[in-house]
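Chain by chain, the residues run as shown.
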Amino acid sequence: MTINTQTIRESDTAENPLVRVEGLRKCFGNHEVLKNINLTINRGEVVTIIGASGSGKSTLLRCINLLETPDSGHVWFHGSDLAAEHVDVNSLRQNIGMVFQSFNLFNNMNVLGNCTLAPVLLKKATKAEAEETALKRLDEVGLKDFAGAAVSTLSGGQKQRVAIARALCMEPELMLFDEPTSALDPEIVGEVLEIMHRLAEQGMTMVVVTHEMDFAKNVSDKVVFMDEGIIAEEGHPKDMFTHPQHERTRAFLSRYLEDTGVG
Amino acid sequence: MDDSHTQGRFRRLRQFVQTDHRYVVLATSVIALIGLWFSMQPRSQMSFLAPVYALELLMYYLLVAWLIFAAAALMTKLAMWHNYTERSPFARKPLVTVERFASYVVAIIAAVLFIDRAVMGVASSAATAIGADKIPRGGLEAALYMLYEGRALFRTGILTTVELAVFGTIIAFFLALLMATLHLLKIDRADNDLVRFFKVVGSGFAKLYSTIVRGTPMMVQALIIYNAGFAVLLGTGMSSGQIRLVWSTFIAGLVTVSLNSTAYMMEVLRGGIESVDAGQTEAARSLGLSQWQTLLRVVFPQGIKFAIPGLSNELVINIKDSSVLSVIGVVELMYESRAMAGIYYKNIEVYMVAAVFYLILTALATYLLNRLSKHLDAPRLQQTSDSIHAAVSADKQ
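Residues numbered from 1 in each chain as written. Chains lettered and ligands numbered in written order. Predicted model: local features only at pLDDT ≥ 70, side-chain atom pairs only at ≥ 80, totals over all residues. Heavy atoms only, no water.

### Points about the overall build of chain B
The condition that has to hold: The secondary structure listing takes helices from DSSP runs of H or I that are at least 4 residues long and strands from runs of E that are at least 2 residues long, numbered from the N terminus. The size measure is the radius of gyration over C-alpha atoms, and the globule rule it meets is 2.2 Å times the number of residues to the 0.38 power. Under the scheme applied here, a residue whose accessible area is under 20% of the maximum for its type counts as buried, over 50% as exposed, and between as partly exposed, the area being computed with a 1.4 Å probe on protein chains only. Contacts are assigned to residue pairs that have any heavy atoms within 4.5 Å of one another. A 1.4 Å probe and the Shrake-Rupley method give the accessible areas. Residues count as covered only by the protein chains that appear here. Just so you know, the count uses Lys and Arg for positive and Asp and Glu for negative, and it drops His and the chain ends. Just so you know, the charge point we use is NZ for Lys, CZ for Arg, CG for Asp and CD for Glu.
Assigned secondary structure in chain B consists of 16 helices and zero strands. For 397 residues, the compact-globule estimate of 2.2 N^0.38 gives 21 Å, and the C-alpha radius of gyration of chain B, at 31 Å, exceeds that figure by more than 25%. A buried classification covers 39% of the 397 residues belonging to chain B. Look at the contacts in chain B between residues 6 or more apart in sequence, and 72% of them connect residues 24 or more apart. Of the accessible surface of chain B, which amounts to about 22,800 Å², a share of 68% is contributed by carbon and sulfur atoms. Side-chain charges in chain B split into 34 positive and 26 negative, and the spacing between the mean points of these groups amounts to 4 Å.

Laid out in structure tokens, this is it:
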């Protein structure tokens, strides 16, 4: 089953959410990591997922593009259920970009090769077209001069910016960020966050798993707090950071709230 | 990179000989002793020092004189262990220069004696062996005689061995790539039932194949493959003569080496491929690449690089292990050696010759493969922009 994204885009009505997660469950062995997760992500929305380590944030994110297979539940994207058997995951994934904590740039290619591999293979772009787009995207992340560089010569921050450019080259409708700054030195976290901020302003739909509370508070439209496999609380960042409803949320945010003197 | 390394080694050697020269006394004493030992060996017929006995005598006493001189120098070194360079007369400027040139003379004398006794000795044995009309008694002469008389046999044997090993390894590499892929493909959500069925069957087949082939000796495999092939062709109504044309022992041997090596190379490749970081696969899949595209474009190029040492080793193993194919009558090096042993009844000498040939072949293969893997490891892309270097150095600060 191949999905013609063009027709779906037109038939999708604006008020439909881009992604709807329904009753999602995921177990690793006997440990239930996700327990009945429901979440909607609207077009142009920036959703940040926060929570302690092991609360299931990353697993939830990885279920959205099916890097993890859910045990039950649905992930509606473009009118098809990603979690159903036999669904053409490969073509749906082309519309979902993902940025990883450990960058995962292809080591056997240079920077430009990383950005053009998928467009040439999957979007049937010619090499020249793909390279033109890639250079544009690399320029946006400030790394146009590094197009010919080997991946191993880049710093962590540069690698992550290339990874963002690589995902953007597929012109996705949704970008998933899995702790994109956790592997970076504190002084270069800013360069990556700045690009993400700009991307949000351009209207990209984004789901961000992060420990950067400032980003969650200032950039996102919705904050989701996860605790032990459930969504404990979700809401607008202003409400969340000033009046957390649940005890757990308050406990988790307490250190941040104390540090910044908010709430 | 290789060149600069060699240059560095050469420069170090030159420095040691010309300027540094710290161990001149000790090292040249050893060289002088070796020279003396050679001069005491019986001379062969081709010895060029025999007519000029006086010269050899002079060389002999020069070496002895050097040893006495060196002993004296070493005594002062022992006596003045801590301030040898300041106090010993042997460490002063004029004497140091003399010592250096004397050491050159000692090295030259030792070299001349080595050529006269060892090199000319072997050459003389070879001349005797080639000239002989029946096998000589001496071990070295006998080996050289058989080497010379059987040169045509050894040449075909070596060529066949190399062909079996090289072609077998190349065929096995591609088969192993296929089998490793079968082994690694996992059922994907997008697959339909037919693809799923083939993936399950393929992976099971690869595992079974590896177990059977690695669990049985290659000699047994060769006998089964050769005879089974023969039996099948007999069943089609061909005569034995016709079959020998199609299903020659060489073809059967090549099939055996290829199929055997496939199982081992598959495991080596699997190890290399599995050591590629899982994040590489995840990144490729997240962009929408299929499992197959991911393997082909991202995982294999990296995994094969990890596997290169193991794959190279397979060629060396095949050079050696093709020797068991002599049981089905493949005319390779071992087969020819056994034939020679049967003719001359000189087992030790023949098998020593065979061992030397195998050693030369494997050493050559190892050398060439090392060159190749170094070449493959070199960065594929030359960086063009200076900003890269600038950025990298800025990053380090």
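### Some thoughts on the sheet that holds strand E5 (residues 80–81) of chain A
All names here are of chain A. Counted only if it meets this: Paired strands, in this sense, are two strands between which DSSP finds at least two bridges.
The antiparallel open sheet is built from four strands, whose spatial order is E2-E1-E4-E5. With partners counted over all chains shown, the strands left at the sheet margins are strand E2 (31–41) and E5, one partner each. In this structure, strand E1 (residues 19–28) lies alongside E2, joined through seven bridges in antiparallel fashion. Residue pairing across strands places Leu 24 opposite Ile 37, the latter belonging to E2.

### Looking at the sheet that holds strand E6 (residues 96–99) of chain A
Residue and element names in this part refer to chain A. The criterion, for reference: Simply put, an axis is a line fit to the C-alpha atoms, just over the touching stretch for a helix, and the angle between two N-to-C directions goes from 0 to 180 degrees.
Pairing in this open sheet of six strands is mixed, and the strands run E6-E7-E8-E3-E9-E10 from one edge to the other. At either margin of the open sheet sits one strand with a lone partner, and together these are E6 and strand E10 (230–235). Neighbouring strand axes in the sheet, compared pairwise and without regard to direction, differ in orientation by 20° on average. Direction of pairing for strand E3 (residues 46–51) relative to strand E8 (residues 205–209): parallel, over a ladder of four bridges. Bridged to Ile 49 within E8 is Val 209. Relative to E8, helix H7 (residues 186–201) is tilted by about 145°, and along the sheet it contacts E3, strand E7 (174–178) and E8.

### Digging into the pairing of E3 of chain A
Residues and elements named next belong to chain A. Taken across its six residues, E3 has six buried, putting it largely inside the fold. Pairing geometry for E3 and strand E9 (residues 222–227), over five bridges, is parallel. Pairing of Val 47 across the sheet is with Lys 222, part of E9.

### Digging into the nonpolar core
Filter applied, for reference: Remark: nonpolar core denotes a set of buried residues (Ala, Val, Leu, Ile, Met, Phe, Trp, Tyr, Cys) joined through side-chain atoms within 4.5 Å.
One finds Val 19, Leu 24, Leu 60, Phe 106, Leu 174 and Leu 176 of chain A together with Leu 289 of chain B to be the most contacted residues of the largest nonpolar core, which totals 43 residues. In this view, Leu 174 of chain A contacts Leu 18, Val 19, Ile 64, Asn 95, Ile 96, Gly 97, Met 204, Thr 205, Met 206 and Val 207 of chain A; residues no more than four positions away in its chain are not counted. By size, the runner-up hydrophobic cluster in this structure holds 39 residues, among which are Ala 165, Leu 193, Met 204 and Met 206 of chain A.

### Observations regarding the packing of helix H7 (residues 151–184) of chain B against helix H11 (residues 249–274) of chain B
Residues and elements named next belong to chain B. Short version of the rule: Geometric relationships in this document are graded by angle, where less than 35 degrees denotes roughly parallel, more than 145 denotes roughly antiparallel, 65 to 115 denotes roughly perpendicular, and other angles denote oblique. Rotating anticlockwise by less than a right angle from the far helix to the near helix defines a left-handed crossing, while the corresponding clockwise rotation defines a right-handed one. Under the scheme applied here, ten amino acids are nonpolar (Ala, Val, Leu, Ile, Met, Phe, Trp, Tyr, Cys and Pro), four are charged (Asp, Glu, Lys and Arg), and all others, including Gly, are polar.
In the contact formed by H7 and H11, the axes pass within 5 Å of each other and the chain directions differ by 45°. Of the possible angle classes, the one that applies to H7 and H11 is oblique. For H7 against H11, the interelement crossing comes out right-handed. Its residues placed into classes, the contact of H7 with H11 shows 19 nonpolar, eight polar and three charged.

### Quick look at the interface of chain A and chain B
For the record, the criterion: Throughout, the accessible surface (probe 1.4 Å) given up by two parts as they are put together, summed over both, is called the buried area. Criterion for a salt bridge: a side-chain nitrogen of Lys or Arg within 4 Å of a carboxyl oxygen of Asp or Glu.
Contact residues are listed per partner, giving 41 residues for chain A and 32 residues for chain B. Interface area, chain A with chain B, both sides summed: about 2,900 Å², of which 55% is carbon and sulfur. When the buried area of chain A at its contact with chain B is split by residue, His 86, Asn 90 and Asn 108 of chain A rank highest and sum to 18% of it. Arg 62 of chain A is paired through a salt bridge with Glu 282 of chain B; the nearest N and O atoms lie 2.6 Å apart.

### Side note on the confidence of the model for chain A
Residues shown with low pLDDT carry predicted positions that ought not to be read at fine detail. Note the following rule: Confidence of the predictor at the level of single residues is given by pLDDT, which spans 0 to 100.
Chain-level pLDDT for chain A is 89 on average; 92% of the residues reach the 70-or-more range. Note on residues 1–14 of chain A: pLDDT under 50 across the span, and 13 contacts to partners over four residues away in sequence or across chains.

### What about the packing of aromatic side chains?
Using the following cut-off: Two rings from Phe, Tyr or Trp (for Trp, the six-membered ring) form a pair when their centres sit within 6.5 Å of each other. Planes less than 30 degrees apart are called stacked, planes more than 60 degrees apart edge-to-face, and all others tilted. Note on criteria: charge over ring means Lys NZ or Arg CZ within 6 Å of the ring centre, with the direction from the centre no more than 35 degrees off the ring normal.
This structure, assessed with the given rule, holds 12 aromatic pairs over all chains. On the basis of an interplanar angle of 90° and a centroid distance of 5.4 Å, the ring pair of Tyr 60 of chain B and Tyr 61 of chain B is categorised as edge-to-face. Using a relative accessible area of 26% as the deciding quantity, one classes Tyr 60 of chain B as partly exposed. Ring geometry for Phe 205 of chain B and Tyr 209 of chain B: centres 6.1 Å apart, planes at 40°, overall tilted. Of this pair, Phe 205 of chain B and Tyr 209 of chain B both sit in helix H8 (residues 193–214), four residues apart, which is roughly one turn of the helix. The lysine or arginine in question, Arg 166 of chain A, covers the ring of Phe 106 of chain A, its NZ or CZ lying 4.5 Å from the ring centre. A cation over a ring is seen here: Arg 151 of chain B above Tyr 148 of chain B, with NZ or CZ 4.2 Å from the ring centre.

### Details of helix H14 (residues 333–344) of chain B
Residues and elements named next belong to chain B. Worth spelling out the cut-off: Here a helix's expected span is defined as the number of its residues, less one, multiplied by 1.5 Å. What the arc covers is the set of directions going from the helix axis to the C-beta atoms.
Compared with the 16 Å implied by 1.5 Å per residue over 12 residues, the 17 Å span of H14 between its first and last C-alpha is a close match. Among all positions in H14, only Leu 333, Glu 336, Ser 337, Met 340 and Ala 341 are buried. Within H14, the buried residues cover an arc of 145° as seen down the axis, which keeps them to one side. One or two residues past the end of H14 sits Tyr 345, with phi positive at roughly 55°.

### Things to note about the environment of Gly 138 of chain B
Considering the arrangement of structural elements, one finds Gly 138 of chain B in the loop between helix H5 (93–131) and helix H6 (139–149). It is 30 Å that separates the C-alpha atoms of Gly 138 of chain B and Thr 160 of chain B, two residues lying 22 residues apart in sequence.

### Remarks on the pattern of salt bridges
All names here are of chain A. For the structure shown, the criterion picks out 21 salt bridges over all chains. The partner of Arg 43 in a salt bridge is Glu 173, with the nearest N and O atoms 3.3 Å apart. Here Arg 43 is found in the loop between E2 and E3, whereas its partner Glu 173 is found in the loop between helix H6 (156–168) and E7, with 130 residues between them in sequence. Residue class for Arg 43 comes out partly exposed when judged on its relative accessible area of 35%.

### Quick look at a nonpolar patch on the surface
Here is the rule we go by: Each patch is built from residues lacking any salt bridge and having more than 30% relative accessible area; the joining distance is 9 Å for like charges and 5 Å for nonpolar side chains (Val, Leu, Ile, Met, Phe, Trp, Tyr).
Residues Val 162, Val 166, Phe 167, Ile 170, Ile 171, Phe 174, Leu 175, Leu 178 and Leu 259 of chain B make up a contiguous nonpolar surface patch of about 740 Å² in total accessible area. Inspection of the secondary structure assignment puts Ile 170 of chain B in helix H7.

### Structural notes on the pairing of E10 of chain A
All names here are of chain A. The pairing of E9 with E10 spans five bridges and is classified as antiparallel. If you follow Val 224 over to E10, its bridge partner there is Glu 234. Where E9 folds back on E10, the antiparallel hairpin that results is connected by two residues, among which Glu 228 adopts a positive phi of roughly 50°.

### Details of the side chain of Gln 160 of chain A
Residue and element names in this part refer to chain A. Note the cut-off: What qualifies as a polar contact is a pair of N or O atoms within 3.5 Å, subject to a donor-acceptor requirement within protein and to the restriction that residues adjacent in sequence count only when both atoms come from side chains.
In this structure, Gln 160 sits in helix H6. With a relative accessible area of 0%, Gln 160 lands in the buried category. Within the local environment of Gln 160, its side chain forms a polar contact with the backbone oxygen of Phe 100, the two atoms lying 2.7 Å apart. Each residue touching Gln 160, except ones within four places of it in the same chain, is listed here: Val 99, Phe 100, Gln 101, Phe 103, Pro 180 and Val 192.

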